[in-house]
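What follows is the residue order along each chain.
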Amino acid sequence: MTTRTDRQSPTLHASDSHDLIRVHGARVNNLKDVSVEIPKRRLTVFTGVSGSGKSSLVFSTIAAESQRMINETYSTFVQGFMPTLARPEVDVLEGLTTAITVDQQRMGADPRSTVGTATDANAMLRILFSRLGKPHIGPPSAYSFNTASVRASGGITVERGAAKTRTVKATFNRTGGMCTRCEGRGSVSDIDLTQLYDDSKSLAEGAFTIPGWKSDSQWTVQVYAQSGFVDPDKPIRAYTKKELQAFLYGEPVKVKVNGVNLTYEGLIPKIQKSFLSKDKEAMQPHIRAFVERAVTFTTCPECDGTRLSEGARSSRIGRISIADACAMEIRNLAEWVRGLDEPSVAPLLTALQQTLDSFEEIGLGYLSLDRPAGTLSGGEAQRVKMVRHLGSSLTDITYVFDEPTIGLHPHDIQRMNNLLLRLRDKGNTVLVVEHKPETIAIADHIVDLGPGAGSEGGTVCFEGTVEGLRAGDTVTGRHFDDRATLKESVRKPTGALEIRGASAHNLRDVDVDIPLGVLTVVTGVAGSGKSSLVHGSVPAGENVVSVDQSPIKGSRRSNPATYTGLLDPIRKAFAKANGVKPALFSANSEGACPTCNGAGVIFTDLGMMAGTSTTCEDCEGKRFDSSVLEYHLGGRDISEVLAMSVAEAEEFFGAGEARTPAAHRVLGHLADVGLGYLRLGQPLTTLSGGERQRLKLATHMTEKGGVYVLDEPTAGLHLADVRQLLGLLDRLVDSGKSVIVVEHHQAVMAHADWIIDLGPGAGHDGGRIVFEGTPADLVADGSTLTREHLAAYVGA
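Bear in mind the structure is a predicted one, so any value in this text is a computation, not a measurement.

Brief notes about the overall build of the chain
- Of regular secondary structure, the chain possesses 28 helices and 27 strands.
- For the chain, the C-alpha radius of gyration of 31 Å lies close to 28 Å, the compact-globule estimate for 796 residues.
- The principal-axis extents of the C-alpha atoms in the chain amount to approximately 105 × 85 × 80 Å.
- Counting only residues that meet the buried cut, the chain has 49% of its 796 residues in that class.

Structural data, given as structure tokens:
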């Protein structure tokens, strides 16, 4: 046998020439005829200030068109059940591959949705226990807290050809694992009776403490007093068992009060219908406060919060039940699964082991499978979604990530970088929207958008390597190597917020004094207990303004003017200047264009094909009736005002005929958080994640509070915007506020007056205070992971 050594290198195959994703003439949102060429099977990072068009290019153009084209490969019948996607506004898109989007959208907040149900882990555990659990209680559904047990029997009609029908008896039985008391939620709601009445008083003496219930004149109270079921002159604590049952839980019956027929109903169902069935956010503040006091949520006493039935909890593998397994930290659960040796379920154990190891690999080993999905941060939710892709054998996929380092301590960012590189090295195209220099530095290719945000962005400022970006004269290039310095002097506290014995989640009876009157940063690795300490221990009240990472809710009719309440003083100013009603200046009310109902566009549903929208011909997209546009304030109509940027509107409402102090104040807050470029009428659906976070911050700045609690305010912020945020935090503190920030960004840590570092690790390895002091003290004397990265950042 001979070996050939004289082979010629093969010529380039035609299929090998398709190594680029070509975008030509993209005009989605603020993109201005953007044309780029993105190399396949490489890691490309998209940078630029918040609102420059990164998400519009990556998600709304490339990923959206890939998904739309995949949907079109299905039959029209199947497409009828799928969401209809419109083609992005782009001239040419070539070289697309199947796109998998891993975004920061929070997972559903349904209490039955957990980390285990959101991944494949719970399904595999249920199968495992149904095969190996002793005693055997049934199929996998018997271990599911989302499945209720069902039993039914009766006669069914069976048809077998013409005139051959007969009735047979049938029985149906399904064993589920749902706890019947809490219905798989793990907690039960109860009404605190002490918030409803003072049992030392009688009804005639005004026992009710419910807002709006007056014993002398209120009809509802008179129904109870004159019903005949209870003695109105007897203190409630003296009621007999029968009287108390009728008072609290009586069925609806007709009674005559002062000659009028009314309905009597027990107090508990009456309260549930009157208060608890309504949207809490739409209630008046004093009513909402009453509901929050009166309704308590407690751990289900029957299942002890496991959500599972007694049968599901009784079945065990060794000494471990499925409830015990789900309550373990995932890294400990992985060790337990690794110790199981059962050849009959070997493939299942292998798959479960790979899934659990992926959690640990991605830095989420501190979670447990029974952790409610709604309690995960945006960064944690994004990494949980990554779990199912890490072990995938698919290649030549386009993975699209939206700031995967959000919520990560600098120590964890390297681990995330390694995962991105692993996906690339398997032959995939990885597109990442990112601001952190640590992740930008590992890119094979960089696309920098800008130069500004909103209407000032939407163009490609740079394409190339990291070295080229550093040398380039773009905003990102100029700020790429920015480093904050430690402050020479720090502010002195004016007091302290004492926290004693904090034990929420993984906190271990933490005692700490959070200084007031200064900028305090609470830091530590992801899962160390930062949010548990701040949000779980800082008492909520009128003096505390909390800005968390919960998403902004809003439709395409919502815009910065409506969300911040800015439109109210603007409408009143227009109404006063023209002597008409304020409702005329609302596109969602009387002033709406009758043709498009204030939407500005006409939507046409094309069934299984993507619907189309065309600008309304009557109002020309202005959303208002023509008669409304005849009214002016300062020479502008309402549509022209909503088309202004925040900066233009701040000047417009600051002086002259249009001077409106209430509007000017809100606009000033929007400018302070760096949103001066946003248009007042711009739909919230077009805002990026960073813009929404800052919009929420600006809204809360209008509230009167002495303590501001901010949860990762640098999320979605460009390097250049972080400096502006630090200036805003300084202004808040200098105005007499106390600012507490949960943050990982080293620039914010370096700028702090006081640092509280939690750790040393995550989950069971965290929950302790490992450092308290100034940033300079941490760099000089600390021995924590945070110290290591902060010292490297400031060059110490």
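A look at the packing of helix α4 (residues 121–132) against helix α12 (residues 346–361)
- Contact geometry for α4 and α12: axes closest at 10 Å, N-to-C directions at 150 degrees. Relative to α12, the element α4 is oriented roughly antiparallel. Note on packing geometry: the crossing formed by α4 with α12 is left-handed. Here A121, M124, L125, I127 and L128 of α4 come into contact with α12, specifically with L348, L349, A351, L352 and T355.

Thoughts on the sheet that holds strand β2 (residues 34–39)
- Across the sheet, which stays open at both edges, the 3 strands sit in the order β2-β1-β4 with antiparallel pairing between neighbours. Edge positions in the sheet fall to β2 and β4 (92–94), since each has one partner strand and no second. The sheet shows a mean angle of 5 degrees between the axes of neighbouring strands, taken without regard to direction.
- Direction of pairing for strand β1 (residues 20–26) relative to β2: antiparallel, over a ladder of 5 bridges. Its bridge partner lying in β2, V23 is registered against V36.

Concerning unusual backbone geometry
- Between K134 and P135 the backbone carries a cis peptide bond, its omega angle lying at -5 degrees.
- A positive phi is found at R307, a non-glycine position, where the angle reads about 75 degrees.
- Inspection of the secondary structure assignment puts R307 in the loop between β11 (295–299) and α9 (310–314).
- With relative accessibility at 6%, the residue R307 sits in the buried group.
- Here the phi dihedral of D509 falls at roughly 45 degrees; this positive angle occurs in a residue that is not glycine.
- Here D509 shows up in the loop between β18 (495–502) and β19 (510–516).

Describing the pattern of salt bridges
- Under the counting rule described, the total for this entry stands at 30 salt bridges.
- A salt bridge links E37 to R22; the shortest N-O distance between them is 3.6 Å. In this pair, E37 is assigned in strand β2 and R22 in strand β1, connecting sequence segments 15 residues apart.
- A salt bridge links E65 to R68, with the shortest nitrogen-to-oxygen separation between them at 2.8 Å. Here R68 and E65 lie together in helix α1 (residues 54–71), a separation of 3 residues that amounts to about one turn.
- Taking relative accessible area as the criterion, E65 reaches 3% and is therefore assigned buried.
- When salt bridges with common partners are traced through the structure, they connect K487, R491, D730, D734 and D753 into a single cluster.

Considering the nonpolar core
- Within the largest apolar cluster, 70 residues are counted, with the highest numbers of intra-cluster contacts made by I570, I638, F653, L680 and V739.
- Sorting elements by how many residues they give to this core places helix α25 (residues 719–734) first, with 7 residues.
- Aside from chain neighbours lying at most four places away, what touches I570 is I638, V641, F653, A663 and L680.
- In terms of nonpolar packing, the next biggest core, distinct from the first, is built from 66 residues, I317, V337, L364 and Y399 among them.

Some thoughts on the environment of S639
- Within the secondary structure layout, S639 lies in helix α21 (residues 638–642).
- Given the relative accessible area of 12%, S639 is considered buried.
- Residues S639 and A750, 111 residues apart in the sequence, show an inter-C-alpha distance of 44 Å.
- Beyond its immediate chain neighbours, meaning those up to four positions away, S639 contacts K622, F624 and L629.

Looking at the packing of aromatic side chains
- Per the counting criterion, the structure on display carries 14 aromatic pairs.
- Note on F129 and W336: the rings are 6.2 Å apart at their centroids and 20 degrees apart in plane angle, and the pair reads as stacked. Taken together, the residues span a long stretch of sequence, with F129 in helix α4 and W336 in helix α11 (residues 330–338) at a distance of 207 residues. The same class applies to F129 and to W336, which are both buried.
- Here the aromatic cluster, defined as three or more aromatic residues joined through ring pairs, consists of Y197, F208, Y224, F229, Y239, F247 and Y264.

Some points on helix α20 (residues 567–578)
- An ideal rise of 1.5 Å per residue puts 16 Å on 12 residues; α20 measures up with 16 Å between its terminal C-alpha atoms.
- Here α20 has its buried residues at L567, P569, I570, R571, A573, F574 and A575.
- The inward-facing, buried residues of α20 contact α19 (560–563), α21 and α23 (661–672).

Brief notes about the sheet that holds strand β24 (residues 707–711)
- Sheet architecture is open: 6 strands sit in the order β21-β24-β25-β20-β26-β27, paired in mixed fashion. In this open sheet, the two strands that pair with only one neighbour each are β21 (544–547) and β27 (768–773). Taken pair by pair, the neighbouring strands of this sheet meet at an average axis angle of 15 degrees, ignoring direction.
- Relative to strand β25 (residues 738–742), strand β20 (residues 519–524) is paired through 4 bridges, and the arrangement is parallel. Looking at β25, one finds that L519 is bridged to V739.
- α25 contacts β20, β24 and β25 of the sheet and is inclined by roughly 145 degrees relative to β25.

Thoughts on the packing of α11 against α12
- Packing of α11 against α12 brings their axes to within 9 Å, and their N-to-C directions diverge by 155 degrees. Taken together, the axes of α11 and α12 are roughly antiparallel relative to one another. The way α11 lies across α12 gives a crossing that is left-handed. Judged by residue contacts, I330, R331, L333, A334, V337 and R338 of α11 engage L349, L352, Q353, L356, D357, F359 and E360 from α12.

A few points about a nonpolar patch on the surface
- Taken together, the side chains of Y74, F77, V78 and F81 make up a nonpolar region of the molecular surface, amounting to roughly 470 Å² of accessible area.
- Its location among the elements puts F77 in helix α2 (residues 76–79).
- Owing to a relative accessible area of 62%, F77 belongs among the exposed residues under this scheme.

Regarding the confidence of the model for the chain
- Residues at a pLDDT of 70 or more form 93% of the chain, whose mean pLDDT is 86.
- Mean pLDDT across the elements of the chain ranges from a minimum in strand β23 (residues 612–615), with 74, to a maximum in strand β3 (residues 43–47), with 97.
- Counting contacts from residues 1–9, a segment whose pLDDT is below 50, to residues more than four positions away or on other chains yields 0 contacts.

What counts and how
Residues numbered from 1 in each chain as written. Predicted model: local features only at pLDDT ≥ 70, side-chain atom pairs only at ≥ 80, totals over all residues. Heavy atoms only, no water. Helix = DSSP H or I, 4+ residues; strand = E, 2+ residues; numbered from the N terminus. Rg over C-alpha atoms; globule rule 2.2 N^0.38 Å. Buried < 20%, exposed > 50% of the residue type's maximum accessible area, 1.4 Å probe, protein only. Axes fitted to C-alpha atoms, helices over the stretch in contact; angles between N-to-C directions. Parallel < 35°, antiparallel > 145°, perpendicular 65-115°, else oblique. Left-handed = near helix turned anticlockwise from the far one by under 90°. Contact = heavy atoms within 4.5 Å. Pairing = 2+ DSSP bridges. Salt bridge = Lys/Arg side-chain N within 4 Å of Asp/Glu carboxyl O. Core = buried A, V, L, I, M, F, W, Y, C linked by side-chain atoms within 4.5 Å. Phe/Tyr/Trp six-rings, centres within 6.5 Å; stacked < 30°, edge-to-face > 60°. Expected span 1.5 Å × (residues − 1). Patch = residues over 30% accessible without salt bridge, like charges linked within 9 Å, V, L, I, M, F, W, Y side chains within 5 Å. Areas by Shrake-Rupley, 256 points an atom, 1.4 Å probe, with all protein chains shown as cover. pLDDT = per-residue confidence, 0-100.

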